[in-house]
Amino acid sequence: QYPRVRALALRAFYELDAAVIYQAFPNLQYLELTAPRELDEIEDVRVENRQRTIDSLLPSLQYLCGSVNTLYALGSLLRVKKLEVDYISSRQECLTRLRSVITESHPSQVILQVGYYEWNAQFSVTTTSELLPDESASDITHLVLDMSVKALRGSSAELVVRPPAHPLQRTHAEVAYR
């Protein structure tokens, strides 16, 4: 065990056993997990991690960061203050996983990096409404959308326009274009 470790970043990490991470680093405040390519049998890994980590969650974790597929495979119901997710594509499967990660972690601060990781892909601004699940949007007080201009289809004004009743209108929002 490494109880003094407060921050851990595992990049290009493909063997995801959440229970081992939680047991070895019980006092993490920052956890970054990234596996840029698709994890094999992601649903099976998620189910295994959910079953094995119920009793060993990280109570001190405040900041969770990583690729959408890795965070989804983590499978745990970690509640964090800040969530940063990258490798977000416009594929429906990816957007569904992203919404699950946001819903399960209940963050108040969300950073989403969109459209950088698909070669010649385009991300429709109408799809941005699918980034956040409605049921957790009221918990979000800070939102950063870091979007590739090359991948963006539509006008930048459409990104932040939501129906008047949507809870995101009460949040601090920032949109970065690169």
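Counting starts from 1 at the beginning of each chain's written sequence and moves along it residue by residue. The predicted nature of this model means local features are confined to residues of pLDDT at least 70 and side-chain atom pairs, given and counted, to a pLDDT of 80 or more, with totals for whole chains, interfaces and linings taken over all residues. As a convention, hydrogens and water are excluded, and side-chain values are obtained from all of the structure's heavy atoms.

Visitor: Please clarify how the pattern of salt bridges should be interpreted in this entry.
Guide: Pairs may arise between side chains of opposite charge once their charged atoms sit close together. For this analysis, a salt bridge means a side-chain nitrogen from Lys or Arg found within 4 Å of a carboxyl oxygen belonging to Asp or Glu. Per the counting criterion, the structure on display carries 5 salt bridges. The salt bridge involving Glu104 is made with Arg46; its shortest N-O contact spans 2.4 Å. Separated by 58 residues along the polypeptide, Glu104 in helix H4 (residues 92-105) and Arg46 in helix H2 (residues 42-52) bring together distant segments of the chain. The rule is simple: take the accessible area with a 1.4 Å probe, protein chains only, and divide by the maximum for that residue type; under 20% is buried, over 50% is exposed, in between is partly exposed. Here Arg46 falls in the buried class, since its relative accessible area comes to 8%. Put simply, Arg91 and Glu93 hold a salt bridge, and the shortest N to O gap is 3.4 Å. A network of salt bridges, in which partner residues are shared, links Arg46, Arg50 and Glu104. Helix and strand labels come from DSSP, where a helix needs a run of H or I of at least four residues and a strand needs a run of E of at least two; each type is numbered from the N terminus.

Visitor: Explain the environment of Asn69 to me, please; I cannot follow it from the model alone.
Guide: One can find Asn69 in helix H3 (residues 68-74). Using a relative accessible area of 9% as the deciding quantity, one classes Asn69 as buried. The spacing of Asn69 and Arg97 is 28 residues in sequence and 7.1 Å in space, taken between C-alpha atoms.

Visitor: What exactly am I supposed to notice about the nonpolar core here?
Guide: Where a protein is soluble and globular, its nonpolar side chains tend to be buried together. Side-chain atoms within 4.5 Å are what join buried Ala, Val, Leu, Ile, Met, Phe, Trp, Tyr and Cys residues into a set we call a nonpolar core. In terms of nonpolar packing, the biggest core is built from 38 residues, with Ile21, Ile88, Leu112 and Leu131 touching the most fellow members. Where this core is concerned, the elements lending two or more residues are helix H1 (18-24), strand E2 (30-34), H3, strand E4 (82-88), H4, strand E5 (109-114) and strand E7 (142-147). Should any heavy atoms of two residues lie within 4.5 Å, those residues are considered in contact. Non-local contacts of Ile88, meaning those with residues more than four positions away in its chain, are made with Cys94, Leu95, Leu98, Leu112, Gln113, Val114, Gly115, Tyr117 and Leu131.

Visitor: Sorry if this is basic, but what is going on with the pairing of E5 here?
Guide: Side chains on a regular strand alternate between the two faces of the sheet. Of all 6 residues making up E5, 5 are buried, and the element is well covered by its neighbours. Think of it this way: DSSP has to see at least two bridges between two strands before they count as a pair. When E4 meets E5, the two strands line up parallel, connected through 5 bridges. Its bridge partner lying in E5, Leu83 is registered against Val110. Taken together, E4, H4 and E5 form a β-α-β motif whose crossover is right-handed. Two strands pair when backbone bridges link them, and E5 and E7 are joined in this way by 6 bridges, in the parallel orientation. Its bridge partner being in E7, Ile111 is matched across the sheet by Val144. Orient the strands so they point away from the viewer, and a crossover whose first-strand-to-second-strand path over the helix runs clockwise is right-handed.

Visitor: Sorry if this is basic, but what is going on with the packing of aromatic side chains here?
Guide: The geometry of an aromatic ring pair is captured by the separation of the ring centres together with the interplanar angle, meaning the angle of the planes. Stacked, tilted and edge-to-face are the three classes applied to pairs of Phe, Tyr and Trp rings, where Trp contributes its six-membered ring and a pair requires centres within 6.5 Å; stacked means planes under 30 degrees apart, edge-to-face means over 60, and tilted covers the rest. Scanning the model with the defined rule gives 2 aromatic pairs in all. Ring centres 5.4 Å apart and planes at 20° place the aromatic pair Tyr2 and Phe25 in the stacked group. With Tyr2 in the segment before strand E1 (7-11) and Phe25 in the loop between H1 and E2, this pair connects stretches of sequence that are 23 residues apart. Each ring, one from Tyr30 and one from Tyr63, has its centre 5.0 Å from the other, and the planes form 70°; the classification is edge-to-face. With a gap of 33 residues between them, Tyr30 in strand E2 and Tyr63 in strand E3 (residues 63-67) connect regions that are remote in the sequence. Distance and angle both matter: a charge sits over a ring if NZ of Lys or CZ of Arg is within 6 Å of the ring centre and within 35 degrees of the ring normal. For the cation-ring pair, Arg46 lies above Tyr72, with the distance from its terminal atom to the ring centre recorded as 4.0 Å.

Scope: geometric values only; no functional claims are made or implied.
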